[in-house]
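Residues per chain are reported as follows:
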Amino acid sequence: MVDFSRVLAGPLATMTLADLGADVVKVERPGSGDDTRRWGPPFLGEDAAYFLSLNRNKRSVVLDLSTAGGRGAARDLAIRADVVVENFRPGLMTTFGLDYASLASLHPSLVYCSLVAFSEDGEGAAKPGYDIIVQALSGLMSFTGHPGREPTKVGVALLDVIAGLYAANGIQAALLDRARTGRGRKVTVSLFEASLAAMVNQAANYLLGGDIPGPMGNEHPNIVPYQLFESADRPFILAAGNDKLFRLTCEVIGRLELAGDPRFATNDVRVSNRSDLIPLLQDAFRARPADEWLLALERAGVPCAPVRRLDEVFASPEGRAMVQDVRDPARGALRLVADPIRLSGGLLPVRRPPPLLGEHTDQVMTESETESPR
(Lines give C-alpha, C1' and ligand atoms only; values in the text may rest on other atoms or scores of the structure.)
Protein backbone atom coordinates (compact mmCIF):
# COMPACT_ATOMS: atom_id res chain seq x y z
CA MET A 1 0.00 0.00 0.00
CA VAL A 2 1.40 3.38 -1.05
CA ASP A 3 0.13 6.16 1.21
CA PHE A 4 0.38 9.74 -0.05
CA SER A 5 -1.97 11.05 2.66
CA ARG A 6 -1.11 13.26 5.58
CA VAL A 7 -2.54 14.71 8.81
CA LEU A 8 -5.35 12.51 10.19
CA ALA A 9 -8.11 10.84 8.13
CA GLY A 10 -5.82 9.21 5.54
CA PRO A 11 -3.07 8.20 7.97
CA LEU A 12 -5.66 6.72 10.35
CA ALA A 13 -7.12 4.64 7.50
CA THR A 14 -3.72 3.35 6.44
CA MET A 15 -2.61 2.70 10.03
CA THR A 16 -5.75 0.63 10.58
CA LEU A 17 -4.88 -1.48 7.54
CA ALA A 18 -1.20 -1.61 8.56
CA ASP A 19 -2.26 -2.92 11.98
CA LEU A 20 -4.17 -5.66 10.15
CA GLY A 21 -1.03 -6.65 8.24
CA ALA A 22 -0.71 -4.36 5.22
CA ASP A 23 2.78 -3.20 4.19
CA VAL A 24 2.22 0.56 4.12
CA VAL A 25 4.80 2.81 2.47
CA LYS A 26 4.22 6.39 3.58
CA VAL A 27 5.39 8.91 0.97
CA GLU A 28 6.43 12.22 2.54
CA ARG A 29 7.82 15.49 1.24
CA PRO A 30 11.50 16.27 1.83
CA GLY A 31 12.50 18.35 4.82
CA SER A 32 9.31 18.44 6.86
CA GLY A 33 7.29 15.36 5.96
CA ASP A 34 3.73 14.95 7.23
CA ASP A 35 2.42 18.18 8.82
CA THR A 36 1.66 16.35 12.06
CA ARG A 37 5.37 15.70 12.69
CA ARG A 38 5.46 19.34 13.85
CA TRP A 39 2.06 19.54 15.56
CA GLY A 40 3.30 19.76 19.14
CA PRO A 41 4.32 19.89 21.89
CA PRO A 42 4.69 17.28 23.20
CA PHE A 43 7.55 15.93 21.08
CA LEU A 44 9.59 12.73 21.32
CA GLY A 45 12.81 13.44 19.50
CA GLU A 46 12.01 15.32 16.30
CA ASP A 47 8.38 14.18 16.04
CA ALA A 48 5.18 15.25 17.76
CA ALA A 49 3.03 12.86 19.76
CA TYR A 50 0.27 13.66 17.24
CA PHE A 51 2.28 12.05 14.42
CA LEU A 52 3.27 9.09 16.58
CA SER A 53 -0.39 8.33 17.31
CA LEU A 54 -1.20 7.75 13.61
CA ASN A 55 1.76 6.14 11.89
CA ARG A 56 2.87 2.89 13.52
CA ASN A 57 3.52 -0.16 11.32
CA LYS A 58 4.52 2.02 8.33
CA ARG A 59 7.68 2.67 6.38
CA SER A 60 8.60 6.25 5.39
CA VAL A 61 9.92 7.22 1.96
CA VAL A 62 10.87 10.78 1.02
CA LEU A 63 9.99 11.81 -2.55
CA ASP A 64 9.78 15.29 -4.04
CA LEU A 65 6.65 15.20 -6.19
CA SER A 66 7.49 18.65 -7.61
CA THR A 67 10.29 17.04 -9.62
CA ALA A 68 10.07 14.66 -12.56
CA GLY A 69 12.33 12.19 -10.79
CA GLY A 70 10.17 12.18 -7.67
CA ARG A 71 6.98 11.73 -9.66
CA GLY A 72 8.53 8.90 -11.66
CA ALA A 73 9.64 7.10 -8.51
CA ALA A 74 6.18 7.56 -7.01
CA ARG A 75 4.55 6.18 -10.15
CA ASP A 76 6.85 3.14 -10.04
CA LEU A 77 5.82 2.48 -6.44
CA ALA A 78 2.13 2.90 -7.24
CA ILE A 79 2.04 0.48 -10.18
CA ARG A 80 3.60 -2.20 -7.98
CA ALA A 81 1.12 -1.66 -5.16
CA ASP A 82 -2.24 -3.19 -4.34
CA VAL A 83 -3.61 0.08 -2.93
CA VAL A 84 -2.88 3.80 -3.28
CA VAL A 85 -4.30 6.30 -0.78
CA GLU A 86 -4.22 10.09 -1.13
CA ASN A 87 -5.92 13.14 0.35
CA PHE A 88 -4.52 16.00 -1.72
CA ARG A 89 -6.71 18.80 -3.04
CA PRO A 90 -8.76 17.36 -5.94
CA GLY A 91 -6.86 17.67 -9.20
CA LEU A 92 -3.37 17.83 -7.71
CA MET A 93 -2.64 14.13 -8.22
CA THR A 94 -3.62 14.58 -11.88
CA THR A 95 -0.91 17.21 -12.30
CA PHE A 96 1.55 14.68 -10.86
CA GLY A 97 0.34 11.93 -13.21
CA LEU A 98 -0.63 9.94 -10.11
CA ASP A 99 -4.42 10.12 -10.43
CA TYR A 100 -6.59 7.00 -10.64
CA ALA A 101 -7.13 7.13 -14.40
CA SER A 102 -3.41 7.44 -15.14
CA LEU A 103 -2.38 4.67 -12.77
CA ALA A 104 -5.28 2.32 -13.62
CA SER A 105 -4.31 2.45 -17.31
CA LEU A 106 -0.99 0.87 -16.27
CA HIS A 107 -2.34 -1.22 -13.38
CA PRO A 108 -6.03 -2.19 -13.91
CA SER A 109 -6.26 -4.12 -10.64
CA LEU A 110 -5.23 -1.13 -8.51
CA VAL A 111 -7.48 -0.09 -5.61
CA TYR A 112 -7.21 3.70 -5.31
CA CYS A 113 -8.68 5.66 -2.39
CA SER A 114 -9.16 9.43 -2.41
CA LEU A 115 -10.21 11.25 0.75
CA VAL A 116 -11.66 14.64 -0.15
CA ALA A 117 -13.21 17.46 1.83
CA PHE A 118 -16.56 17.89 0.08
CA SER A 119 -16.38 16.61 -3.50
CA GLU A 120 -13.92 15.83 -6.26
CA ASP A 121 -15.35 18.41 -8.64
CA GLY A 122 -17.56 21.47 -8.60
CA GLU A 123 -17.64 24.23 -6.00
CA GLY A 124 -16.87 21.95 -3.05
CA ALA A 125 -13.56 20.80 -4.47
CA ALA A 126 -11.84 24.08 -3.58
CA LYS A 127 -12.94 24.19 0.07
CA PRO A 128 -10.41 23.31 2.78
CA GLY A 129 -10.92 20.03 4.60
CA TYR A 130 -9.77 20.61 8.15
CA ASP A 131 -11.91 18.83 10.73
CA ILE A 132 -13.03 22.02 12.48
CA ILE A 133 -14.18 23.48 9.14
CA VAL A 134 -16.35 20.43 8.51
CA GLN A 135 -17.61 20.41 12.10
CA ALA A 136 -18.93 23.90 11.38
CA LEU A 137 -20.28 23.27 7.87
CA SER A 138 -21.83 19.88 8.63
CA GLY A 139 -23.97 21.29 11.44
CA LEU A 140 -22.26 19.32 14.21
CA MET A 141 -21.19 22.45 16.08
CA SER A 142 -24.74 23.86 15.94
CA PHE A 143 -26.01 21.25 18.39
CA THR A 144 -22.85 20.66 20.42
CA GLY A 145 -22.38 22.67 23.61
CA HIS A 146 -24.77 24.31 26.03
CA PRO A 147 -27.86 26.42 25.27
CA GLY A 148 -27.10 30.12 25.07
CA ARG A 149 -23.35 29.55 24.72
CA GLU A 150 -21.09 29.66 21.66
CA PRO A 151 -21.16 26.66 19.27
CA THR A 152 -18.64 24.07 20.40
CA LYS A 153 -16.43 21.64 18.53
CA VAL A 154 -15.95 18.09 19.73
CA GLY A 155 -12.78 17.75 21.83
CA VAL A 156 -10.98 15.56 19.25
CA ALA A 157 -10.97 15.65 15.42
CA LEU A 158 -13.75 13.08 15.45
CA LEU A 159 -14.95 13.66 11.89
CA ASP A 160 -11.47 12.94 10.53
CA VAL A 161 -11.46 9.72 12.55
CA ILE A 162 -14.86 8.70 11.19
CA ALA A 163 -13.85 9.46 7.59
CA GLY A 164 -10.65 7.44 8.04
CA LEU A 165 -12.58 4.43 9.31
CA TYR A 166 -15.02 4.67 6.37
CA ALA A 167 -12.01 4.79 4.03
CA ALA A 168 -10.42 1.70 5.57
CA ASN A 169 -13.73 -0.14 5.24
CA GLY A 170 -14.16 0.96 1.62
CA ILE A 171 -10.63 -0.14 0.71
CA GLN A 172 -11.22 -3.60 2.16
CA ALA A 173 -14.51 -3.90 0.27
CA ALA A 174 -12.73 -2.97 -2.98
CA LEU A 175 -10.01 -5.56 -2.30
CA LEU A 176 -12.64 -8.25 -1.72
CA ASP A 177 -14.33 -7.27 -4.98
CA ARG A 178 -10.98 -7.44 -6.77
CA ALA A 179 -10.42 -10.96 -5.43
CA ARG A 180 -13.64 -11.98 -7.20
CA THR A 181 -13.37 -9.96 -10.41
CA GLY A 182 -9.69 -9.13 -10.84
CA ARG A 183 -10.62 -5.47 -11.33
CA GLY A 184 -9.55 -2.54 -9.22
CA ARG A 185 -11.87 0.17 -7.97
CA LYS A 186 -11.67 3.81 -7.02
CA VAL A 187 -12.89 4.44 -3.47
CA THR A 188 -13.84 8.02 -2.62
CA VAL A 189 -14.71 9.18 0.88
CA SER A 190 -15.79 12.76 1.47
CA LEU A 191 -15.16 14.14 4.94
CA PHE A 192 -18.39 16.14 4.69
CA GLU A 193 -20.48 13.16 3.57
CA ALA A 194 -18.95 10.89 6.21
CA SER A 195 -19.83 13.56 8.76
CA LEU A 196 -23.48 13.64 7.69
CA ALA A 197 -23.63 9.84 7.86
CA ALA A 198 -22.28 10.08 11.41
CA MET A 199 -25.16 12.36 12.45
CA VAL A 200 -27.38 9.22 12.57
CA ASN A 201 -30.39 9.99 14.81
CA GLN A 202 -29.92 13.77 14.70
CA ALA A 203 -30.04 13.74 10.89
CA ALA A 204 -33.05 11.41 10.94
CA ASN A 205 -34.83 13.60 13.50
CA TYR A 206 -34.62 16.45 11.00
CA LEU A 207 -35.23 14.55 7.75
CA LEU A 208 -38.14 12.50 9.09
CA GLY A 209 -39.51 14.74 11.81
CA GLY A 210 -38.51 18.27 10.81
CA ASP A 211 -36.71 18.83 14.12
CA ILE A 212 -33.77 21.23 13.89
CA PRO A 213 -31.51 20.29 16.81
CA GLY A 214 -29.92 22.92 18.99
CA PRO A 215 -27.34 22.61 21.75
CA MET A 216 -28.63 20.57 24.68
CA GLY A 217 -25.54 20.40 26.85
CA ASN A 218 -25.27 16.81 28.06
CA GLU A 219 -28.90 15.90 27.47
CA HIS A 220 -30.10 13.48 24.77
CA PRO A 221 -32.67 14.57 22.17
CA ASN A 222 -34.54 11.24 22.21
CA ILE A 223 -33.96 9.65 25.65
CA VAL A 224 -34.74 10.98 29.16
CA PRO A 225 -33.00 10.72 31.61
CA TYR A 226 -29.75 10.22 29.72
CA GLN A 227 -27.34 12.95 30.77
CA LEU A 228 -24.99 14.46 33.33
CA PHE A 229 -26.23 15.17 36.84
CA GLU A 230 -24.60 17.05 39.71
CA SER A 231 -24.18 15.26 43.02
CA ALA A 232 -23.11 16.61 46.41
CA ASP A 233 -19.47 16.62 45.29
CA ARG A 234 -18.99 16.03 41.52
CA PRO A 235 -20.91 15.28 38.35
CA PHE A 236 -21.72 11.83 37.01
CA ILE A 237 -23.54 10.33 34.04
CA LEU A 238 -26.88 8.50 34.23
CA ALA A 239 -28.11 6.57 31.17
CA ALA A 240 -31.60 5.23 31.87
CA GLY A 241 -32.24 4.13 28.31
CA ASN A 242 -35.66 2.52 28.78
CA ASP A 243 -38.71 2.56 31.05
CA LYS A 244 -37.45 -0.29 33.25
CA LEU A 245 -34.19 1.52 33.93
CA PHE A 246 -36.09 4.72 34.74
CA ARG A 247 -38.22 2.84 37.29
CA LEU A 248 -35.08 1.39 38.86
CA THR A 249 -33.58 4.89 39.03
CA CYS A 250 -36.68 6.12 40.82
CA GLU A 251 -36.35 3.26 43.33
CA VAL A 252 -32.70 4.14 43.99
CA ILE A 253 -33.48 7.79 44.76
CA GLY A 254 -36.58 6.93 46.81
CA ARG A 255 -39.02 8.58 44.40
CA LEU A 256 -40.88 5.58 42.96
CA GLU A 257 -43.99 7.71 42.49
CA LEU A 258 -42.23 9.45 39.57
CA ALA A 259 -42.24 6.21 37.57
CA GLY A 260 -46.04 6.10 37.84
CA ASP A 261 -46.62 9.77 37.10
CA PRO A 262 -48.44 10.06 33.72
CA ARG A 263 -45.98 12.78 32.71
CA PHE A 264 -43.01 10.41 33.11
CA ALA A 265 -44.32 6.84 32.73
CA THR A 266 -42.86 6.25 29.25
CA ASN A 267 -39.86 7.62 27.42
CA ASP A 268 -41.86 9.61 24.85
CA VAL A 269 -43.71 11.54 27.54
CA ARG A 270 -40.49 11.99 29.53
CA VAL A 271 -38.93 13.59 26.45
CA SER A 272 -41.92 15.94 26.17
CA ASN A 273 -41.83 16.75 29.89
CA ARG A 274 -38.09 16.76 30.54
CA SER A 275 -38.25 20.32 31.92
CA ASP A 276 -40.49 19.02 34.73
CA LEU A 277 -38.61 15.79 35.40
CA ILE A 278 -34.94 16.78 35.30
CA PRO A 279 -35.10 19.33 38.17
CA LEU A 280 -36.77 16.70 40.39
CA LEU A 281 -34.02 14.18 39.67
CA GLN A 282 -31.32 16.82 40.05
CA ASP A 283 -32.61 17.84 43.48
CA ALA A 284 -32.47 14.22 44.61
CA PHE A 285 -28.95 13.61 43.30
CA ARG A 286 -27.53 16.69 45.03
CA ALA A 287 -28.26 15.12 48.40
CA ARG A 288 -25.42 12.55 48.32
CA PRO A 289 -21.88 12.21 46.92
CA ALA A 290 -21.38 10.77 43.45
CA ASP A 291 -19.68 7.56 44.64
CA GLU A 292 -22.70 6.67 46.75
CA TRP A 293 -25.08 7.18 43.85
CA LEU A 294 -22.83 5.28 41.43
CA LEU A 295 -22.62 2.30 43.78
CA ALA A 296 -26.40 2.26 44.36
CA LEU A 297 -27.21 2.65 40.66
CA GLU A 298 -24.74 -0.05 39.62
CA ARG A 299 -26.21 -2.46 42.17
CA ALA A 300 -29.65 -1.76 40.70
CA GLY A 301 -28.35 -2.39 37.17
CA VAL A 302 -28.72 1.19 35.95
CA PRO A 303 -25.94 2.34 33.55
CA CYS A 304 -23.94 5.17 35.09
CA ALA A 305 -20.38 6.47 35.18
CA PRO A 306 -18.10 9.07 36.75
CA VAL A 307 -16.66 11.71 34.41
CA ARG A 308 -13.00 10.75 34.31
CA ARG A 309 -9.85 12.62 33.23
CA LEU A 310 -7.38 10.87 30.93
CA ASP A 311 -4.99 10.16 33.79
CA GLU A 312 -7.81 8.33 35.55
CA VAL A 313 -8.74 6.50 32.36
CA PHE A 314 -5.23 5.14 31.76
CA ALA A 315 -4.88 4.21 35.44
CA SER A 316 -7.97 2.00 35.18
CA PRO A 317 -7.71 -1.72 34.28
CA GLU A 318 -9.58 -1.23 31.01
CA GLY A 319 -7.44 1.78 30.11
CA ARG A 320 -4.18 0.01 30.91
CA ALA A 321 -5.25 -2.91 28.72
CA MET A 322 -5.35 -0.59 25.69
CA VAL A 323 -1.80 0.74 26.11
CA GLN A 324 0.93 -0.96 24.07
CA ASP A 325 4.59 -0.49 24.88
CA VAL A 326 6.35 -0.14 21.54
CA ARG A 327 10.10 -0.61 21.26
CA ASP A 328 11.58 2.24 19.24
CA PRO A 329 15.36 2.20 18.80
CA ALA A 330 15.42 5.90 17.85
CA ARG A 331 13.06 7.33 20.47
CA GLY A 332 13.11 4.81 23.30
CA ALA A 333 10.01 3.04 24.58
CA LEU A 334 6.71 4.47 23.31
CA ARG A 335 3.40 4.06 25.09
CA LEU A 336 0.71 4.13 22.40
CA VAL A 337 -3.00 3.37 22.35
CA ALA A 338 -3.50 -0.05 20.77
CA ASP A 339 -5.72 -0.81 17.82
CA PRO A 340 -9.14 -1.70 19.31
CA ILE A 341 -9.60 -4.65 16.93
CA ARG A 342 -8.85 -7.91 18.72
CA LEU A 343 -8.42 -11.13 16.78
CA SER A 344 -9.03 -14.27 18.86
CA GLY A 345 -8.87 -12.05 21.93
CA GLY A 346 -5.39 -10.64 21.36
CA LEU A 347 -4.16 -7.17 20.54
CA LEU A 348 -2.86 -6.66 17.02
CA PRO A 349 0.95 -6.64 17.02
CA VAL A 350 3.06 -3.56 16.40
CA ARG A 351 5.62 -4.68 13.83
CA ARG A 352 7.27 -1.28 13.42
CA PRO A 353 7.35 1.92 15.48
CA PRO A 354 6.28 5.12 13.72
CA PRO A 355 9.01 5.82 11.15
CA LEU A 356 11.57 8.57 11.14
CA LEU A 357 11.25 10.87 8.15
CA GLY A 358 12.63 9.03 5.13
CA GLU A 359 13.89 6.15 7.27
CA HIS A 360 13.08 3.52 4.65
CA THR A 361 13.69 5.41 1.40
CA ASP A 362 16.74 3.38 0.33
CA GLN A 363 15.18 0.09 1.40
CA VAL A 364 11.89 0.63 -0.43
CA MET A 365 13.41 2.07 -3.58
CA THR A 366 15.86 -0.84 -3.79
CA GLU A 367 12.91 -3.23 -3.53
CA SER A 368 11.20 -1.37 -6.37
CA GLU A 369 14.25 -1.66 -8.59
CA THR A 370 14.43 -5.43 -8.12
CA GLU A 371 10.71 -6.13 -8.61
CA SER A 372 9.02 -6.46 -11.99
CA PRO A 373 6.13 -4.12 -12.80
CA ARG A 374 2.65 -5.61 -12.79
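Thresholds, definitions, all that
Numbering of residues begins from 1 in every chain and follows the order in which that chain's sequence is written. Totals for whole chains, interfaces and linings use every residue, but because this is a predicted model, local features are given only for residues with pLDDT of at least 70 and side-chain atom pairs only at 80 or more, for both listing and counting. The side-chain quantities take in all heavy atoms of the structure and omit both hydrogens and water. Going along the chain from the N terminus, every DSSP run of H or I of four or more residues is numbered as a helix, and every run of E of two or more is numbered as a strand. Only protein chains enter the area calculation, which uses a 1.4 Å probe; residues under 20% of their type maximum are buried, those over 50% are exposed, and those in between are partly exposed. Every residue pair with non-hydrogen atoms within 4.5 Å of one another is taken to be in contact. We score Asp and Glu as negative and Lys and Arg as positive, and we do not count His or the chain ends. Taken as the charge location is NZ of Lys, CZ of Arg, CG of Asp or CD of Glu. To define axes, lines are fitted to C-alpha atoms, for helices over the stretch in contact only, and angles between the resulting N-to-C directions are given on a 0 to 180 degree scale. An angle below 35 degrees is treated as roughly parallel, one above 145 as roughly antiparallel, one from 65 to 115 as roughly perpendicular, and anything else as oblique. By definition, turning the near helix anticlockwise from the far helix through less than a right angle yields a left-handed crossing, and turning it clockwise yields a right-handed one. Note on residue categories: nonpolar means Ala, Val, Leu, Ile, Met, Phe, Trp, Tyr, Cys or Pro, charged means Asp, Glu, Lys or Arg, and polar means any other residue, Gly included. When two rings of Phe, Tyr or Trp (its six-membered ring) have centres within 6.5 Å they constitute a pair, described as stacked for plane angles under 30 degrees, edge-to-face for angles over 60, and tilted for the intermediate range. A ring has a charge above it when a Lys NZ or an Arg CZ is no more than 6 Å from the ring centre and no more than 35 degrees off the ring normal. Should DSSP find at least two bridges between two strands, the strands are regarded as paired. With the strands aimed away from the viewer, a crossover counts as right-handed if its path from the first strand over the helix to the second runs clockwise.

Caption draft 1: Spatial organisation of the overall build of the protein chain. When you go through the protein chain residue by residue, the secondary structure sums to 17 helices and 15 strands. C-alpha atoms of the protein chain, sized along the principal axes, occupy 80 × 45 × 40 Å. For the protein chain, with 374 residues in total, the buried portion stands at 44%. Of the contacts made within the protein chain by residues no fewer than 6 positions apart, 66% connect residues no fewer than 24 positions apart. Considering the protein chain, the positive charge centre built from 40 side chains and the negative charge centre built from 46 side chains are found 2 Å apart.

Caption draft 2: How the structure looks around the environment of Cys 113. Considering the arrangement of structural elements, one finds Cys 113 in strand S7 (residues 111-116). For the pair Cys 113 and Ser 60, spaced 53 residues apart in the sequence, the C-alpha separation amounts to 19 Å. Not counting residues up to four positions away in its chain, the partners in contact with Cys 113 are Val 84, Val 85, Glu 86, Ala 167, Ile 171 and Val 187.

Caption draft 3: The packing of helix H10 (residues 243-253) against helix H14 (residues 290-300), seen in detail. At their nearest, the axes of H10 and H14 sit 10 Å apart, and the two run at 135° to each other. If you check the angle between H10 and H14, you find them oblique. Regarding H10 and H14, the two cross each other, and that crossing is right-handed. On H14, the residues touching Leu 248, Thr 249, Val 252 and Ile 253 of H10 are Trp 293, Ala 296, Leu 297 and Ala 300. The residue makeup of the contact of H10 with H14, split by class, is seven nonpolar, one polar and no charged.

Caption draft 4: Quick peek at the packing of aromatic side chains. Applying the stated rule across the entire model yields seven aromatic pairs. With a centroid separation of 5.1 Å and 90° between ring planes, the pair formed by Phe 236 and Phe 285 is classed as edge-to-face. With Phe 236 in strand S10 (residues 235-239) and Phe 285 in helix H13 (residues 274-285), this residue pair connects regions lying 49 residues apart in the sequence. Each member of the pair, Phe 236 as well as Phe 285, is classed as buried. Through a chain of ring-to-ring contacts, the aromatic side chains of Phe 229, Phe 236, Phe 285 and Trp 293 assemble into a single cluster. Taking NZ or CZ as reference, Arg 288 lies 4.3 Å from the ring centre of Trp 293, over its face.

Caption draft 5: Geometry of the pairing of strand S2 (residues 24-28). Within S2, five of the five residues are buried, leaving the element largely enclosed by the surrounding structure. Pairing of strand S1 (residues 2-3) with S2 involves two bridges; the strand directions are parallel. The residue bridging Asp 3 from the neighbouring strand is Lys 26, located in S2. The parallel pair S1 and S2, bridged by helix H1 (residues 9-19), forms a crossover whose chirality is right-handed. Pairing between S2 and strand S5 (residues 58-62): five bridges, direction parallel. The residue of S5 that forms the bridge with Val 27 is Val 61.

The analysis is restricted to geometry; functional conclusions fall outside its scope.
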